[in-house]
Amino acid sequence: MPGDTNELVYRILALITRYFFTPSTVKPKLPPGQTIRFGLISAALINPPAMHYPSLYFPEVEIIAVAARDKSKAVEYAKRWGIKEEKAYGGYQALLDDGDVDAVFIGLPNGLHAEWAIKALQAGKHVLCEKPATSNAIEAREIRRILHSLPQNPSQPVFLEAFHYRFHPATVYFRNLLSSGTYGKLLNTYVSMSIPAGSLDPKNIRYSFELGGGALMDLTYVVSITRYMVLGAGAGKPKEIVSANAKKLPSDERIDTRMEAEMIFDVDDGQGGMGEVRSKIVADLERDRLFGFIPRIWEQALFIAECEKATVTYNNFIAPYMSHSIVIKPKEGKCRTEKVYTFDPTNKSPLLTNYGHQLDAFIKKVQGREEDIPADWIPIEDTVAQMEVIDAIYEKAGMEVRTGSLYQEILRRGDAADASK
Ligand SMILES: NC(=O)C1=CN([C@@H]2O[C@H](COP(=O)(O)OP(=O)(O)OC[C@H]3O[C@@H](n4cnc5c(N)ncnc54)[C@H](OP(=O)(O)O)[C@@H]3O)[C@@H](O)[C@H]2O)C=CC1
Ligand SMILES: O=C1OC[C@@H](O)[C@H](O)[C@H]1O
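Heads up: these notes are all about the structure in this document. Predicted, not measured: the structure shown is a model, and the values here were computed from it.

### A short note on a nonpolar patch on the surface
Here's step 1: Residues Leu290, Phe291, Phe293 and Ile294 make up a contiguous nonpolar surface patch of roughly 430 Å² in combined accessible area.
Here's step 2: Within the secondary structure layout, phenylalanine 293 lies in the loop between strand E10 (274-287) and strand E11 (302-307).
Here's step 3: Judged by its relative accessible area of 56%, phenylalanine 293 is exposed.

This is how it looks when you write it as structure tokens:
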């Protein structure tokens with residue numbers, strides 16, 4: 001996609017992952033029958049950093065199949081990534097029909113996630129689905145309905161929305177810091193994530209309403225991390241969206257190029273009563289040039305928590321494995337910085353990226369190793385709540401809720417009212 005520096009950034013991310021975060025000695029895969037065999041639904045740019053390189057750490061993971069809309073693209077992709085040609089499919093359903101595939105990674109545009117997640121679950125596959133998992137809350141509830149309708153036994157397919165940052169130790173450390181009460185009650189939060197203006201080609205999926213685009217959808221982490229840091233893992237939501245203001249794409253005003261919103265959460269005040277946390281989020285696909293003309297580099301996403309006794313900032317929560325800092329600025333006393341670990345390019349011992357930690361959690365869940373699954377696993381109820389907040393923000397901003405392919409199908413079936421429960 002010419003002119004899409006977003007593509008360039010993801011190619012660089014793949015290279016960094018390849019050279020700095022991939023074990024120098026790759027362990028052989030476990031014998032057949034003992035591995036989780038993944039199929040990739042699409043040849044998306046996100047596949048290498050999210051799946052191919054992390055999979056090298058895990059003897060129990062194999063990537064055995066890929067599907068693209070166009071068979072020749074799938075074949076070319078398969079050659080590049082060492083997948084057998086007979087497992088390169090033209091069309092996603094063909095991959096789901098392959099009985100050798102145990103699990104799928106869905107890297108499709110957002111508006112197609114729910115449709116293919118449900119088809120995969122119904123085909124008995126485990127699903128690791130890119131964020132946001134659906135285009136709206138109705139689609140998320142439909143995934144929940146399907147999951148609950150499947151036989152409730154240990155081999156039930158697993159579904160995970162790929163909020164990789166949640167599995168990184170720095171994120172968990174930061175959340176524990178807030179919930180421990182060390183710095184007193186949490187009062188306010190602020191989060192921002194952006195892409196510099198001019199990074200995205202106008203044809204990028206992020207600008208398509210039908211494909212589930214928009215700043216709030218693409219940079220949806222800002223809602224996820226706010227909910228997690230304020231209320232912890234689970235289905236928590238703000239009690240009120242106080243304001244939401246969007247900057248809209250001139251050629252399609254259903255697309256937000258920037259979204260800014262404020263919300264209020266009810267929280268347990270730790271003394272048997274309830275308190276409030278006020279949170280502000282900013283998601284920007286076109287961050288302004290400096291002084292209007294100097295191009296910016298990609299900013300590090302940051303989350304700021306103002307507590308009674310200190311302001312605590314988590315810098316670079318999206319890629320803490322490359323570099324991050326947790327800055328504690330007490331109301332009284334000296335500011336200090338903590339790091340959960342320091343990036344060392346010469347360290348070739350296992351060092352997992354966010355995606356590596358995410359894959360690790362997914363494997364444990366698929367294998368039913370309950371005692372090893374991270375406590376802050378993201379259940380489907382969390383995904384439903386996340387999409388309810390996204391919808392509520394769009395509604396508050398006076399914008400249409402996104403409508404993906406599954407939602408269209410639900411409308412055609414005429415049971416949107418049922419699915420809205
Ligand atoms: N976790 C993370 O850090 C990141 C997550 N993402 C998420 O991953 C997903 C994919 O993003 P990204 O890799 O940038 O996307 P790409 O544009 O690289 O890939 C999207 C894929 O979707 C397929 N596709 C199917 N239908 C369409 C359609 N109508 N128009 C365009 N593509 C279509 C294409 O597949 P085919 O191969 O069949 O032609 C294409 O390979 C998004 O949900 C995004 O939010 C993206 C970047 C980072
Ligand atoms: O991590 C990310 O950063 C940039 C976005 O465009 C992308 O989709 C997202 O997942």
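### Things to note about the environment of aspartate 256
Here's step 1: Here aspartate 256 shows up in strand E9 (residues 252-268).
Here's step 2: Distance from aspartate 256 to glycine 213, taken between C-alpha atoms, is 8.3 Å for residues 43 residues apart in sequence.
Here's step 3: Excluding residues within four positions of it along the chain, aspartate 256 makes contact with Gly213, Gly214, Ala215, Leu216, Ala246, Lys247, Leu285, Tyr394, Met399 and Arg402.
Here's step 4: In this structure the side chain of aspartate 256 is engaged in a polar contact, spanning 2.8 Å, whose partner is the backbone nitrogen of leucine 216.
Here's step 5: Engagement of the side chain of aspartate 256 in a polar contact is seen with the side chain of tyrosine 394, the distance being 2.8 Å.

### What about the sheet that holds strand E13 (residues 325-330)?
Here's step 1: Within the open sheet, the 8 strands sit side by side as E8-E9-E10-E7-E11-E12-E13-E14. Their pairing is mixed. One side of each edge strand has no neighbouring strand; the edge strands of this open sheet are strand E8 (240-249) and strand E14 (336-338). Taken pair by pair, the neighbouring strands of this sheet meet at an average axis angle of 15 degrees, ignoring direction.
Here's step 2: Inspection of the sheet shows strand E12 (residues 310-315) paired to E13 by 6 bridges, in the antiparallel sense.

### Concerning helix H7 (residues 169-179)
Here's step 1: Taken as a whole, H7 has its buried residues at Ala170, Thr171, Phe174, Arg175, Leu177 and Leu178. Seen from one end, H7 has its buried residues packed into an arc of 155 degrees, which puts them on one side.
Here's step 2: At its buried positions, H7 is contacted by helix H9 (221-231), E11, E12 and E13.
Here's step 3: Immediately downstream of H7, the backbone of glycine 181 shows phi near 80 degrees, a positive value.

About the thresholds
- Residues numbered from 1 in each chain as written.
- Chains lettered and ligands numbered in written order.
- Predicted model: local features only at pLDDT ≥ 70, side-chain atom pairs only at ≥ 80, totals over all residues.
- Heavy atoms only, no water.
- Patch = residues over 30% accessible without salt bridge, like charges linked within 9 Å, V, L, I, M, F, W, Y side chains within 5 Å.
- Areas by Shrake-Rupley, 256 points an atom, 1.4 Å probe, with all protein chains shown as cover.
- Salt bridge = Lys/Arg side-chain N within 4 Å of Asp/Glu carboxyl O.
- Helix = DSSP H or I, 4+ residues; strand = E, 2+ residues; numbered from the N terminus.
- Buried < 20%, exposed > 50% of the residue type's maximum accessible area, 1.4 Å probe, protein only.
- Contact = heavy atoms within 4.5 Å.
- Polar contact = N/O pair within 3.5 Å; in protein donor to acceptor, adjacent residues only side chain to side chain.
- Pairing = 2+ DSSP bridges.
- Axes fitted to C-alpha atoms, helices over the stretch in contact; angles between N-to-C directions.
- Arc of directions from axis to C-beta.

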